[in-house]
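Okay, here's what each chain looks like letter by letter:
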Amino acid sequence: MEAAERIKNESKKIVVALAGNPNSGKTTVFNALTGARQHVGNWPGVTVEKKEGHFSSDGKAVQVVDLPGTYSLSAYSEDEAVARNYILFEKPDVVVNIVDATNLERNLYLTIQLLELGANVVIALNMSDELSARQTEVNVNELSRLLAVPVVPTVATRNRGMKELVNSVLLAAGQKGGPLLQVNYGEEMERELAALEKEILSFPVLTGKYASRWLAVKLLESDEALLAELKNYPGLDRLFARRSEAVKRLEAVWGDDIESMLADRRYGFIGGLAREVVTRRKSAEERISISDRIDRVVTNRYLGIPIFLLTMWAMFQFTFTLGEPLIGWTEELFVWLGEALGSLLAIVGAGELLTSLFKDGIIAGVGSVLVFIPPIFLLFFAISLLEDSGYMARAAYIVDRFMHSLGLHGKSFIPLLLGFGCNTPAIMATRTLENKSDRMITILINPFMSCAARLPVYVLFAGAFFGANQGMVIFSLYLLGIVLAILMGVIFKRFLFKGETSHFVMELPPYRIPTLKSTLIHMWERGSAFIRKAGTIILAVVILVWVLSSLPAGVEYASAESILGRIGSFIAPVFYPAGFGTWEAAAALIFGILAKEVVVGTLAVVYGMGEAGLGSVIAQYWTPLSAYAFMVMTLIYVPCVSSIAAIKRETNSWRWMFFAVGYSLILGWIMAVLVYQVGTLLGLG
Amino acid sequence: MSGNVLPLGLLRAGCSAVVRDLHGARGLRQRLVDLGLIHGTKVGVVKNDEGSPLIISIGEGRLAIGRGMALKIMVEEA
């Protein structure tokens, strides 16, 4: 009965897809609608992120699917294909098209395509508050009348218009299937379209799936993805033949660029529409927006780079200066927690073994990693702030010149910067790079960006050995990663990914003052993965390490005779030349591949010490020089498992995955040995 | 309307122009079209520093665009 009830509810559920240009505020609308009730996954078969959420209103359950941000639905990129196929085949009840009111013409291009596709569209005219500053007005009623769809003005960042949007969506969900919008493509084109449409209507397999006019337009456009798709249907030869004839006839008139002709007509239609609904009291040339004024300074030839460097410096200062006291407090919390748990276990009379599992294993191991959650969140807060304010795109513009000397362009900078947070989403973020070789290089060098998970290792060792200079030491490791990334990038471009010029196009969204809510949501989206990691993989590894340290039965806990000790001892000789040939170090590095924080977690377990006392223990086993070599090794050697998986997915190649693992392992070892040997020669040992 | 047709990349900052023709491969042309750069679009050059991408304006929007690409957009100076 419960199941029947659920099915009934399922059937009543309204599915709403969000579509819009990048920077149209789509994510903000999504957050405003669904709040924290979100789920992030992947679209099947592709690596495009799929975000879903839900809310309910008037007793109706609404599922919200965030489609990738796209400028069009031509299916040239994976993002566009995903958005298009979802609307075509999953047929959501309503498509909410988020339109940036300040950039109406460009945004309506997607709207037109959604309407041609036959989607049940509701337009959210977003950022409508910014119109008055630009002395511009948009006649909402007229826009709604001309497009024959509901238009709701919204300011998603301030939660304005969301209630009205929800009402419109619920209303629209009940009344599907109005007349389709028809852009007039001109006499010759329309004649061919009508003929093709007639042909299409004689194939029920097609009409069940596609809007006939849309299909006709796409056939004339020679849309490659669609043509490939239609090859799967048998018996369409006649349609293909008609298509070829029509294309030939049109090419005789228009040359070989029917696609541009159609786009021309669509823009013509939009231009006419905009003239009807938009009133501008000043021409575009007269208006110098605040954004342009900021850009004059921020992208200035001489000031741009100093401002950029200052911003980066401020970001790391923010993370570490604010993070340090927080680390201290969390540390104390875990010390207290460990003691409290210890006495609790004593009271209930738990055996020595159980007490050890909790104290040496779980609290010490997981705690030593969780201690670093504050700076990790601060870093993600800073990164989200850079993105939400619009500065990230400017930074990419500013470093473009420099990136060119590496054979990359400015857009590669964004995934690299994200790498300081976490390499896995950063590797996925390379999707925005259109050029294959740019993308491959950016993926392969990304793990050299010191991610937040490596920070615990740096802080532990630098704190234990370098006292007042620990800030400098940590900074030098970040820098070393960047220098190696540059060097490897140049080498890869030279020898592996030659030639292939790349185009650089990037929208510079207007500057916005990010709202605290959206920045916090973005911070949480990114940072919460680390907490989840601590509760899952790190917990599991820590227990495994504890078990391996306690077996075989009767052995002294975490001694060289334990299983872990034996494994570590077997590998350790490899690291003699790097100065840290102990079995503990070797074991930490092995498990660190699962997640780099685990290096600290493993050391905490094998030394049976929480983060607070760990520093003084490792001081007995390392020297400052070997500690530095160990940090260098941790930075470079083998990306963590989730990054390796991301590399496999994004390059779609086992070969490149193994390459990424192999070359970084070898490079890490060479660098660590180099640091130790050269340091010893210089008398630093 | 009687200006010369020349590549967008050669215009100085502050100039405005009308797009006349797009060169380059199909994929590149499609990207430009999706961004609103078609025959007849009015564009302004906001920034054109040597060695950096251009910043151009299309209506209210601002695009950073690589020099190579900017040289394939033929415009008529307004």
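Residues numbered from 1 in each chain as written. Chains lettered and ligands numbered in written order. Predicted model: local features only at pLDDT ≥ 70, side-chain atom pairs only at ≥ 80, totals over all residues.

*Asks:* Before we go on, may I ask you to explain the overall build of chain A in this structure?
*Replies:* Helices and strands together make up the secondary structure of chain A, namely 32 helices and ten strands. Taken against the 2.2 N^0.38 rule, which gives 26 Å for 685 residues, the C-alpha radius of gyration of chain A at 29 Å falls within 12% of a compact globule. Its C-alpha atoms put chain A at 85 × 65 × 55 Å along the principal axes. Counting over 685 residues, chain A shows a buried share of 46%. Taking contacts inside chain A between residues at least 6 apart in sequence as the whole, the part at least 24 apart equals 72%. (Helix = DSSP H or I, 4+ residues; strand = E, 2+ residues; numbered from the N terminus. Rg over C-alpha atoms; globule rule 2.2 N^0.38 Å. Buried ≥ 20, exposed ≤ 12 C-beta atoms within 10 Å, placed from the backbone. Contact = placed C-beta atoms within 7 Å.)

*Asks:* It is not clear to me how the overall build of chain B should be interpreted in this structure. Could you clarify?
*Replies:* Within chain B, the regular secondary structure consists of two helices and six strands. Order of helices (α) and strands (β) in chain B, N terminus to C terminus: β-β-α-β-β-β-α-β. When the backbone C-alpha atoms are referred to their principal axes, chain B occupies close to 30 × 30 × 20 Å. Within the span of chain B, comprising 78 residues, buried residues form 50% of the whole. Sequence separation of at least 24 residues holds for 61% of the intrachain contacts in chain B that already meet a minimum separation of 6.

*Asks:* Would you mind going over the nonpolar core with me for this structure?
*Replies:* A general tendency of soluble globular proteins is for nonpolar side chains to be buried together. Ala629(A) and Met631(A) are the most contacted members of the largest nonpolar core, which has 215 residues in total. Not counting residues up to four positions away in its chain, the partners in contact with Ala629(A) are Ala578(A), Gly579(A), Phe580(A), Ala672(A), Val675(A) and Tyr676(A). (Core = buried A, V, L, I, M, F, W, Y, C linked by C-beta atoms within 7 Å.)

*Asks:* Looking at this structure, I do not really get the domain arrangement of chain A. What am I missing?
*Replies:* Accessible area lost when the parts come together is the quantity often used to give the size of an interface. The domains assigned to chain A are domain 1 (11-174), domain 2 (187-256) and domain 3 (306-498 + 517-681). Using only C-alpha atoms to locate each centre, domain 2 of chain A and domain 3 of chain A end up separated by 54 Å. (Domains from an automatic or database assignment.)

*Asks:* Looking at this structure, how should I read the sheet that holds strand S5 (residues 61-65) of chain B?
*Replies:* Pairing between sheet strands relies on hydrogen bonds along the backbone, with the strands arranged either parallel or antiparallel. Strand order in the open sheet formed by seven strands is S10(A)-S5(B)-S4(B)-S3(B)-S2(B)-S6(B)-S1(B), with antiparallel pairing between adjacent strands. A strand with exactly one partner marks an edge of an open sheet, and here the two such strands are strand S10 (505-507) of chain A together with strand S1 (5-7) of chain B. Recorded for the sheet is a direction-independent mean angle of 40° between the axes of neighbouring strands. As defined by bridge partners, strand S4 (residues 54-58) of chain B adjoins S5(B) across five bridges and the pair is classed as antiparallel. Among the inter-strand pairings, Leu54(B) is bridged to a residue of S5(B), identified as Ile65(B). (Pairing = 2+ DSSP bridges. Axes fitted to C-alpha atoms, helices over the stretch in contact; angles between N-to-C directions.)

*Asks:* Before we go on, may I ask you to explain the pairing of strand S6 (residues 121-126) of chain A in this structure?
*Replies:* A regular strand places its side chains so that they alternate between the two faces of the sheet. All names here are of chain A. Most of S6 is tucked away, with six of its six residues classed as buried. Residues Val121, Ile123 and Leu125 line one face of S6 and the alternating positions Val122, Ala124 and Asn126 line the opposite face, and both faces are buried. In terms of handedness, the path from strand S5 (residues 94-100) via helix H4 (residues 104-116) over to S6 forms a crossover that is right-handed. One ladder, built from four bridges, connects S6 with strand S8 (residues 151-154); its direction is parallel. Considered in S8, the bridge of leucine 125 is made with proline 153. (Right-handed = clockwise from strand over helix to strand, strands pointing away.)

*Asks:* Any chance you could explain the interface of chain B and chain A here in plain terms?
*Replies:* Contact with chain B, which involves 31 residues of that partner, is made by 30 residues of chain A. Put simply, the parts of the chain that give the side of chain B that touches chain A at least two residues each are helix H1 (26-34), strand S3 (42-47), S4, S5 and helix H2 (67-70) of chain B. Of the residues forming the side of chain B that touches chain A, the biggest block, seven residues, is contributed by H1(B). Relative to S5(B), S10(A) runs antiparallel, the two sharing three bridges. The residue of S5(B) that forms the bridge with Met506(A) is Ala64(B).

*Asks:* What exactly am I supposed to notice about unusual backbone geometry here?
*Replies:* Glycine aside, the phi torsion of most residues is negative, and most peptide linkages are trans. Residues and elements named next belong to chain A. A positive phi angle is found at alanine 148, which is not glycine, with a value near 60°. As for its position among the elements, alanine 148 is in the loop between helix H6 (140-147) and S8. Positive phi, close to 55°, is recorded for serine 222, a residue that is not glycine. If you trace the backbone, serine 222 turns up in the loop between helix H10 (212-220) and helix H11 (224-230). Accessibility expressed as a C-beta count within 10 Å gives 15 for serine 222, which makes it partly exposed.

*Asks:* Is there a simple way to think about the confidence of the model for chain B in this case?
*Replies:* Note that predicted coordinates carrying low pLDDT should not be read in detail. Across chain B, pLDDT averages 81, with 96% of residues at or above 70. As a predicted assembly, this complex carries a pTM of 0.70 together with an ipTM value of 0.87. (pLDDT = per-residue confidence, 0-100.)

*Asks:* What should I look at first to understand helix H22 (residues 436-445) of chain A in this one?
*Replies:* Residues and elements named next belong to chain A. Most of H22 is tucked away, with eight of its ten residues classed as buried. Every buried residue of H22 is accounted for by Asp438, Arg439, Met440, Ile441, Thr442, Ile443, Leu444 and Ile445. Summarising the contacts, the buried residues of H22 are in contact with helix H20 (413-419), helix H21 (423-428), helix H24 (470-495), helix H31 (641-651) and helix H32 (654-681).

*Asks:* Got a minute to help me understand the packing of H22(A) against H24(A) in this structure?
*Replies:* When two helices pack together, their arrangement is given by the angle between their axes and by how far apart the axes lie. All names here are of chain A. Here H22 crosses H24 at 145°, and the two axes come no closer than 10 Å. Regarding H22 and H24, the two cross each other, and that crossing is right-handed. Counting all contacts with H22, which are made through Ile441, Leu444 and Ile445, the residues of H24 involved are Ala485, Met488, Gly489, Phe492 and Lys493. Partitioned by chemical class, the residues of the contact of H22 with H24 number six nonpolar, one polar and one charged. (Left-handed = near helix turned anticlockwise from the far one by under 90°. Nonpolar A, V, L, I, M, F, W, Y, C, P; charged D, E, K, R; others polar.)

*Asks:* It is not clear to me how H32(A) should be interpreted in this structure. Could you clarify?
*Replies:* Helical periodicity: at 3.6 residues per turn, an α-helix aligns residues three or four positions apart in one direction. All names here are of chain A. Compared with an ideal rise of 1.5 Å per residue, which puts 28 residues at 40 Å, H32 spans 40 Å between its outermost C-alpha atoms and is within 8% of the ideal. Among all positions of H32, only Ala660, Ser664, Gly668, Ala672, Val675 and Tyr676 are buried. The inward-facing, buried residues of H32 abut H22, helix H30 (624-636) and H31. Looking at the residues trailing H32, positive phi occurs at glycine 683, about 80°. (Expected span 1.5 Å × (residues − 1).)

*Asks:* Got a minute to help me understand the environment of Lys533(A) in this structure?
*Replies:* All names here are of chain A. With respect to the element layout, lysine 533 can be found in helix H25 (residues 516-550). Of the residues examined, lysine 533 has 20 C-beta atoms within 10 Å and is grouped as buried. Those residues in contact with lysine 533, other than ones at most four positions away along the chain, are Ile538 and Ala595.

*Asks:* Mind showing me how you'd approach the environment of Leu273(A) here?
*Replies:* All names here are of chain A. Note that leucine 273 resides in helix H13 (residues 258-277). Judged by the 19 C-beta atoms lying within 10 Å of it, leucine 273 falls in the partly exposed class. Sequence separation between leucine 273 and leucine 143 is 130 residues; the distance between their C-alpha atoms is 7.6 Å. If sequence neighbours within four positions are ignored, leucine 273 has contacts with Leu108 and Leu146.

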